[in-house]
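Summary of the model geometry
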Amino acid sequence: MKKRFQKIAALLLVGAMAGSLVTGCGGSKDTPTTGGTDEKTEADDSTQKDDASETKSSSESNGGAEVTLWHYFEHEAPDLEAVVEKYNQSQDKIHITCTYVSREELMNQYTIGAVSGELPDIGMVDSPDMESYISLGVFEDITDDIKGWGDLEQFYEGPLSSCMDADGKYYGLPNNSNCLTLCCNMDILKAAGIENPPTTWEEFEEACEKTTNSADGVYGFAMSAIGTEEGTFQILPWIYSAGGNLDDLTSPEAIKGVDFLTNLVKNGYMSKEVVNWQQSEAYNAFCAGKAAMFESGTWQLADIDEKINGAFNYKYTLLPKDKEYASTIGGENFGVCTGSEYREECVDFLKFLMNAENNADFTAAAAKLPVRKDSVPLKDLWTTDERYVVFNDAMNYARARGPHAQWPTLSEALYTATQQAMLEEKSVEDALKEANDKIAPILAEDPLPESSAGGGIAEDVKSAE
């Protein structure tokens, strides 16, 4: 009954999910496809099918069986195809053909394929969406195929946990990631007598107070608290840092996290407009010198120097902590789709795609973060650029959203409650209680994985064996 309920719920939600903004995923080297609101552009008619918006890669066959891989990478497609071609040349059992499908169309095809059985052999999906498609039956359980793979211990917990279902079983491997940190305008901070970026909530709040200048329209902090997945993406680290979680929004810890953000607005340290701001708008405010600090994503490193244009000095640091450091992840996963005739070979390819060397090569070329700790020292970019050093450090504290088949519903409850509190429509306690009343029955039927509450990957794999 539980699995049947999950599949029905996922079918109802997946249409809305496919068209919604999903934070911190791929598609552009400049900004994530949806987290940064960077929309896909139409490809040239000569290389794109009218109905499915598909573009296939072309490479000489190695004589192996034809295996299909669907993805929605646009600018990163050549980087993915380079790894695929490397694999094709390394063996002759299968020949993988990459097909670009626009994100919205790809999600629609998964939904249709869950009923018709017409799915690719390998498919890409945004990390917070994966559990929904697992519940639809799109991806195969590959736990037994990877449980003896020693490389698993090298993956960051956040990205790897996003490939799990509620029972701790694995349906794919993470391919790339990103997370959130704090970026500070050091000129504004130093003018306020603050020499170093804040590390605790107490230091952060003090810095917000000292750097807010209402006369000049400068706020201490900027973030996105919009009523979409972007808002949830940026709100969650503060709840996690206080020791809270989505499974009980009435806990003192969860209340403390949302209350802290709400008070930043009440005290005038953060604009009320953050409830309407996408991440790109908080970024623009910071680059224009209208915010002393902002919650920043990895993808913004691509053009931050160009946007600031030498107007001030900036520095990245971990998001300030209450009980612990925290962040949230974005990024994409790949899974073996249900019904593939070449399941074993596809799993072998996923291991190849996500080995340390290939994960480093792809993510560096695509301006993303690796999902493996042992990939980091393989590229100077991540060890010599102090900004990337901070983001890779944050990956040690970054957690997945969910995973859960009804994640869009859980996410909506959280960002709605946070907005109500920020706009003083309801008290923090009342807003979160109302959100919890919506979430609790869902999680009673289908709980969040233990890893979402801080459980370790090693324990999850062991329990799934």
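My aim in this report is to walk through the structure given alongside it, one point at a time. (Residues numbered from 1 in each chain as written. Predicted model: local features only at pLDDT ≥ 70, side-chain atom pairs only at ≥ 80, totals over all residues. Heavy atoms only, no water.)

1. Focus on the pattern of salt bridges
Threshold: Each reported salt bridge corresponds to a side-chain nitrogen of Lys or Arg within 4 Å of a carboxyl oxygen of Asp or Glu. Working definition: with a 1.4 Å probe on protein chains only, accessible area under 20% of the residue-type maximum means buried, over 50% means exposed, and in between means partly exposed.
This model, assessed by the stated rule, comprises 17 salt bridges. The partner of aspartate 385 in a salt bridge is arginine 387, with the nearest N and O atoms 2.9 Å apart. Each member of the pair, aspartate 385 as well as arginine 387, carries the same accessibility label: buried. One network of salt bridges, with partners in common, ties together Glu140, Asp145 and Arg343.

2. Considering helix H3 (residues 103-116)
Rule in force here: Helix and strand assignments follow DSSP, with helices taken as H or I runs no shorter than four residues and strands as E runs no shorter than two, numbered in order from the N terminus. Helix span, as expected, comes to 1.5 Å for every residue beyond the first.
When the terminal C-alpha atoms of H3 are compared, their 20 Å separation across 14 residues agrees well with the 20 Å that a helix rising 1.5 Å per residue should span. When H3 is considered as a whole, its buried residues turn out to be Arg103, Glu105, Leu106, Met107, Tyr110, Thr111, Gly113 and Ala114. Of the residues flanking the end of H3, it is glycine 117, one or two places downstream, whose phi is positive at about 85°.

3. What about the side chain of threonine 181?
As a reminder, the rule being used: Residues count as neighbours in contact if any of their non-hydrogen atoms are within 4.5 Å of one another.
Structurally, threonine 181 is set in strand E6 (residues 180-185). Residue classification places threonine 181 among the buried positions, given a relative accessible area of 0%. Residue contacts for threonine 181: discarding those within four places in its chain leaves Phe294, Glu295, Ser296, Tyr316, Thr317, Leu319, Val390, Phe391 and Ala394.

4. A closer look at the sheet that holds strand E9 (residues 314-317)
Using the following cut-off: Strand pairing is assigned whenever DSSP identifies at least 2 bridges connecting the two strands. Each axis is a line fitted through C-alpha atoms, taken for helices only over the stretch in contact, and angles between the N-to-C directions span 0 to 180 degrees.
Read from one edge to the other, the open sheet built from four strands follows the order E7-E8-E6-E9, with strand pairing classed as mixed. The open sheet has two edge strands with one neighbour each: strand E7 (219-222) and E9. Strand-to-strand twist across the sheet, computed as the mean angle between neighbouring axes with direction ignored, equals 20°. Inspection of the sheet shows E7 paired to strand E8 (residues 291-297) by three bridges, in the parallel sense. Paired with alanine 222 across the strands is phenylalanine 294, a residue of E8.

5. With respect to the pairing of strand E3 (residues 94-101)
This is how the line gets drawn: For the handedness criterion, the strands are oriented away from the viewer, and a crossover whose path from the first strand over the helix to the second runs clockwise is classed as right-handed.
Counting buried residues in E3 gives eight out of eight residues, a clear majority hidden from the surface. Going residue by residue along E3, you find Ile94, Ile96, Cys98 and Tyr100 tucked away on one face and His95, Thr97, Thr99 and Val101 tucked away on the opposite face as well. For the handedness criterion, the β-α-β arrangement of strand E2 (residues 65-71), helix H2 (residues 77-90) and E3 is classed as right-handed.

6. Here's the deal with the pairing of E8
In terms of burial, E8 is a largely internal element, seven of the seven residues being buried. The sheet contact formed by E6 and E8 spans five bridges and is antiparallel. Within E8, the residue paired with leucine 182 across the bridge is glutamate 295.

7. Describing helix H17 (residues 407-422)
Each α-helix winds once per 3.6 residues, and so residues spaced three or four apart point in a common direction. Between its first and last C-alpha atoms H17 spans 23 Å; for 16 residues at 1.5 Å apiece the expected length is 22 Å, and the two agree. Burial of H17 is extensive: twelve of the 16 residues sit out of reach of the surface. By the burial criterion, the buried members of H17 are Trp407, Leu410, Ser411, Ala413, Leu414, Tyr415, Ala417, Thr418, Gln419, Gln420, Ala421 and Met422. Those residues of H17 that are buried lie in contact with helix H9 (229-241), helix H10 (252-266) and helix H18 (428-445). Just beyond H17, the residue with positive phi is glutamate 424, at close to 60°.

8. Examining the environment of glutamate 105
Its location among the elements puts glutamate 105 in helix H3. Residue classification places glutamate 105 among the buried residues on the basis of a relative accessible area of 17%. As a C-alpha pair, glutamate 105 and tyrosine 72 span 33 residues in sequence and 9.1 Å in three-dimensional space.

9. With respect to the packing of H9 against H10
Formally: Every angle not falling under 35 degrees, over 145, or within 65 to 115 is termed oblique; those three ranges are roughly parallel, roughly antiparallel and roughly perpendicular. The crossing is said to be left-handed when, going from far helix to near helix, the turn is anticlockwise and less than a right angle, and right-handed when the turn is clockwise.
It is the contact of H9 with H10, at a shortest axis distance of 7 Å, that shows an interaxial angle of 125°. By the angle between their axes, H9 is oblique relative to H10. In this structure, H9 meets H10 at a crossing whose hand is right-handed. When H9 is examined against H10, the residues Ile235, Trp238 and Ile239 are found in contact with a partner set consisting of Glu253, Ala254, Gly257, Val258, Phe260 and Leu261.

10. Here we look at the packing of aromatic side chains
Operational definition: Note on ring pairs: Phe, Tyr and Trp rings are taken, using the six-membered ring of Trp, and paired if centres are within 6.5 Å. Classes follow the plane angle, with under 30 degrees stacked, over 60 edge-to-face and the rest tilted. Charges are assigned to positions over rings by a cutoff of 6 Å between ring centre and Lys NZ or Arg CZ, combined with an angular limit of 35 degrees from the ring normal.
In the structure shown here, the tally under the stated rule is 20 aromatic pairs. A centroid spacing of 6.2 Å and a plane angle of 40° characterise the contact between phenylalanine 204 and phenylalanine 260, whose relative ring orientation is tilted. Here the residue phenylalanine 204 occupies a position in helix H8 (residues 201-211), and phenylalanine 260 occupies one in helix H10, the gap between them amounting to 56 residues. Through a chain of ring-to-ring contacts, three or more aromatic side chains come together here, namely Trp201, Phe204, Phe221, Trp238 and Phe260. The lysine or arginine in question, arginine 103, covers the ring of tyrosine 72, its NZ or CZ lying 5.6 Å from the ring centre. Residue placement shows arginine 399 over the ring face of tyrosine 240; its charged tip is 3.9 Å from the ring centre.

11. Let's talk about unusual backbone geometry
That bond from glycine 402 to proline 403 is cis: its omega, -5°, falls within 30 degrees of zero. At asparagine 309, a position not held by glycine, the phi torsion is positive, near 55°. For asparagine 309, the position within the fold is in the loop between helix H12 (304-308) and E9. Even without being glycine, alanine 367 reaches a positive phi, approximately 60°. As for its placement among the helices and strands, alanine 367 is situated in the loop between helix H14 (356-365) and helix H15 (380-384). Note on alanine 367: relative accessible area 26%, which makes it partly exposed.

12. Thoughts on the environment of phenylalanine 362
Here phenylalanine 362 lies in helix H14. Using a relative accessible area of 2% as the deciding quantity, one classes phenylalanine 362 as buried. Between the C-alpha atom of phenylalanine 362 and that of glutamate 81, which follows or precedes it by 281 residues, the distance is 9.7 Å.

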